[in-house]
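# Topology and contacts: notes
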Amino acid sequence: MSLPPTGQDRPELQKAIEEIVDSGFAGVQLRVNDERGEWVGSAGVRKLGESAKPPTDGRFRIGSTTKTFTATVVLQLVAEGRIGLDSPADDYLPRFGLDRRITVRMLLQHTSGLFNYTGEYYDDGTVAPGIPWQGQEYVDNQFHTYQPDELVRLALSKPARFEPGTDWSYSNTNYVLARLLVENVTGRSFAEEMQRLILQPLGLSGTVVPDASPEIPEPHAHGYYRYEHAGQWKVVDVTRFNVSWVSAAGDMISTTKDLHTFISALMSGKLLPDSLLAEMRTPHPKFGYGLGLFVEETDGGTVLNHNGGFWGWGALMYSTPDGSKTLTASLTTGDAELDFAATAEAFQKAHQRLVKEVFCSGQAEPAHKAAEPIGFSSAAPFEPVLTRHTEAETCADPSSVMTLLADSDRTADGFTSYRSTFAKGAVGAPAHCHTKATELFFVISGSLRVLVGEEITVLNAGDFLAVPPHTPHAFAAAPGCEADVLFVFTPGMGRFDYLRLLGRVMRGEADAKEIAESAERFDNHYVDSPLWRAALEATA
């Protein structure tokens with residue numbers, strides 16, 4: 001059932017979630033608790049083909065918001081003296097032979113360097129695949145059960161990203177290990193410990209640790225996954241789904257009310273001693289991630305958060321440091337014609353809009369911030385995949401190749417991508433922008449500046465750069481320039497190779513033999529794309 005809003009009328013919040021639905025989401029549930037009281041509302045539809053709104057007390061899959069719950073359970077066991085925060089994780093999980101330098105803290109803060117079992121993207125352009133997480137293969141595994149040990153051993157069979165404690169990289173492997181650590185230490189299942197330490201004390205009756213069960217308790221909305229297979233777009237209902245593939249890194253089900261109760265209790269010191277709460281909220285200097293929480297500076301002050309989501313579902317959980325003001329929400333995707341890039345962009349805009357309304361009194365970013373990208377308060381790890389051929393900014397198109405490319409058909413270039421032209425000085429993203437997938441910039445013409453951390457990289461025509469997942473970045477046309485840019489999300493190895501060759505074609509560096517062989521190496525939807533055809537025409 002759908003509950004009526006309580007407290008003061010908040011038309012600006014209702015308008016915000018309706019506009020989020022208009023941007024392509026199937027449904028939204030929102031709950032806000034602040035000095036004006038509690039407001040709850042929903043927009044869109046519960047299920048495709050029906051007119052009923054999503055229930056405001058409905059359950060939903062919270063994705064990586066689970067990590068905050070998992071980290072809290074581990075820290076509660078630290079408080080009980082059963083786990084040492086800076087002890088080697090190997091002490092508690094000897095069967096894996098973990099590097100003895102990896103501590104429990106490193107697991108919770110993503111500084112272990114362990115391979116992410118859902119796949120990694122490296123700075124030389126190579127991709128190391130993990131378990132299937134998108135496309136037809138993902139759908140075919142909708143009810144497959146993964147064992148936590150299986151996921152960990154897959155990760156450990158791959159090279160580490162870096163030496164333990166020397167860098168930061170978001171990895172679901174860390175939180176699967178955290179689950180196993182809890183189970184080994186307590187002798188009980190992770191779900192039982194979650195119930196004992198958090199769910200029962202706080203009365204979170206709407207929250208579930210599903211393990212391998214594909215079910216989601218009523219009431220709930222439906223989530224859908226739209227994907228391309230064999231040249232056709234398909235839509236599948238992913239409401240019932242075995243989420244053992246993500247385990248304690250993102251498998252939980254909850255409600256906006258329970259998320260509010262949890263984050264408010266956590267921030268106000270009801271779940272952890274002050275010393276451990278302070279540890280949890282101390283951000284890593286490179287990215288702003290504490291122990292299972294992001295620490296974000298907004299125009300309205302500091303907010304703590306951990307959003308989550310996977311195909312069909314998105315969750316938001318934000319709070320002020322004292323827990324007095326919270327924002328919790330669920331978003332579901334439907335059959336809107338959004339590819340991954342457009343969906344990611346819509347999700348990003350949605351949570352930015354809601355955070356602005358709730359924590360920044362609806363105020364937009366100051367005008368001076370829109371002039372050009374600026375540095376971040378917490379620098380991100382800068383290990384981009386980069387192909388760059390000149391250091392100086394080149395505004396003018398050097399040859400007819402660029403003119404043809406800029407004037408070519410502006411449809412997506414055969415894969416999950418979109419094109420956009422930035423006018424002189426136009427900013428392409430706010431400085432706190434970051435996505436949950438690798439984002440690749442390929443410059444078709446003009447010159448683009450991309451800011452990652454405190455470094456600005458200049459990209460000219462034929463250059464590309466891939467920004468790792470969860471890395472804040474901003475981008476803009478170089479001063480006095482325009483930039484025609486292809487954006488690609490979650491690029492696989494074939495896409496890197498394709499864009500490298502496309503850049504060589506654009507610069508006249510690829511010979512006829514290399515171009516001819518490309519037809520055998522790439523799928524037809526690459527080499528038949530308007531961008532590729534325009535480049536070949538210009539170099540014929």
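Thresholds, definitions, all that
What you see as residue numbers is a count from 1 along each chain, following the sequence as written. Given that the model is predicted, a residue must reach a pLDDT of at least 70 before its local features are reported, and side-chain atom pairs must reach 80 or more before they are shown or counted; all residues, however, enter totals for whole chains, interfaces and linings. Only hydrogens and water are set aside when side-chain values are computed; all heavy atoms of the structure are taken into account. Secondary structure follows DSSP: runs of H or I at least 4 residues long count as helices, runs of E at least 2 residues long count as strands, and numbering of each begins at the N terminus. The rule is simple: take the accessible area with a 1.4 Å probe, protein chains only, and divide by the maximum for that residue type; under 20% is buried, over 50% is exposed, in between is partly exposed. Here, two residues are considered to be in contact whenever any of their heavy atoms come within 4.5 Å of each other. We get accessible surface area from the Shrake-Rupley algorithm with a probe of 1.4 Å; when it comes to residues, only the shown protein chains can shield them. Stacked, edge-to-face and tilted labels apply to pairs of Phe, Tyr and Trp rings (six-membered ring for Trp) whose centres lie within 6.5 Å, assigned for plane angles under 30 degrees, over 60, and everything in between, in that order. Whether two strands pair depends on DSSP finding at least two bridges between them. Every helix has an expected span of 1.5 Å times one less than the residues it contains. In predicted models, pLDDT denotes the confidence assigned by the predictor to each residue on a 0 to 100 scale. Throughout, nonpolar core names a set of buried Ala, Val, Leu, Ile, Met, Phe, Trp, Tyr and Cys residues whose side chains join them through atoms within 4.5 Å. Polar contact is the term for a pair of N or O atoms within 3.5 Å; when the atoms are in protein, one must be able to donate a hydrogen and the other to accept it, and sequence-neighboring residues count only if both atoms are side-chain atoms.

## Examining the overall build of the chain
Of regular secondary structure, the chain possesses 15 helices and 20 strands. Going through the 540 residues of the chain one by one, you find that 58% of them count as buried. Nonlocal contacts in the chain, meaning residues at least 24 apart in sequence, comprise 75% of its contacts between residues at least 6 apart. Just so you have it, the chain exposes about 20500 Å², and 50% of that area is on carbon and sulfur atoms.

## Topic: the packing of aromatic side chains
Counted according to the given criterion, the structure contains 13 aromatic pairs. An angle of 10 degrees between the planes, with centres 6.1 Å apart, marks the rings of Trp-133 and Trp-311 as stacked. With Trp-133 in the loop between strand E5 (127-128) and helix H4 (135-140) and Trp-311 in the loop between strand E11 (308-310) and strand E12 (313-319), this pair connects stretches of sequence that are 178 residues apart. Look at Trp-311 and you get buried, because its relative accessible area is 15%. Geometrically, the ring pair formed by Trp-245 and Phe-310 is edge-to-face, given 5.6 Å between the ring centres and 70 degrees between the ring planes.

## Quick word on the pairing of strand E9 (residues 294-298)
Pairing geometry for E9 and strand E10 (residues 301-305), over five bridges, is antiparallel. Following the sheet pairing, Phe-294 is matched in E10 by Asn-305. What sits between E9 and E10 in their antiparallel hairpin is a turn of two residues.

## Comments concerning helix H6 (residues 172-186)
An ideal rise of 1.5 Å per residue puts 21 Å on 15 residues; H6 measures up with 22 Å between its terminal C-alpha atoms. H6 sits mainly inside the fold: 13 of its 15 residues count as buried. Gly-187 occupies a position one or two residues after H6 and carries a positive phi of about 75 degrees.

## Some remarks on the confidence of the model for the chain
With 71% of its residues at a pLDDT of at least 70, the chain reaches an overall mean of 79. Contacts of residues 1-7 to residues separated by more than four positions or lying in other chains number 18 contacts, the stretch itself having pLDDT below 50. Every residue in residues 364-419 is under pLDDT 50, and counting partners more than four places away or in other chains gives 173 contacts.

## So, the nonpolar core
Across soluble globular proteins, you tend to see nonpolar side chains buried next to one another. Of all hydrophobic cores here, the largest spans 85 residues; its most connected members are Phe-69 and Ile-198. Those residues within four positions of Ile-198 in sequence are excluded, and the remaining contacts are Phe-69, Thr-72, Val-73, Gln-76, Leu-204 and Phe-262. Core analysis: the second largest hydrophobic core is formed by 25 residues, Val-21, Val-303, Ala-329 and Val-358 among them.

## What about the environment of Arg-500?
On the secondary structure map, Arg-500 appears in helix H12 (residues 493-506). Assessed through its relative accessible area of 26%, Arg-500 is described here as partly exposed. It is 8.1 Å that separates the C-alpha atoms of Arg-500 and Phe-464, two residues lying 36 residues apart in sequence.

## A few points about the environment of Asp-251
Inspection of the secondary structure assignment puts Asp-251 in the loop between strand E7 (232-237) and strand E8 (253-254). A relative accessible area of 3% means that Asp-251 is categorised as buried. Excluding anything up to four places from it in sequence, Asp-251 contacts Gly-63, Thr-66, Val-209, Pro-210, Asp-211, Val-243 and Val-246.

## Considerations on the side chain of His-260
Relative to the helices and strands, His-260 is located in helix H8 (residues 256-267). For His-260, a relative accessible area of 14% translates into the label buried. Here His-260 is in contact with Arg-31, Asn-33, Thr-326 and Thr-328, once residues within four sequence places are set aside.

## Some details on the side chain of Asp-34
With respect to the helices and strands, the residue Asp-34 is situated in strand E1 (residues 25-34). By relative accessible area, which is 11% here, Asp-34 ends up buried. Polar side-chain contacts of Asp-34 include one of 2.9 Å to the backbone nitrogen of Arg-36. Ignoring anything within four residues of it in the chain, the contact list for Asp-34 reads Arg-10, Ser-324 and Lys-325.

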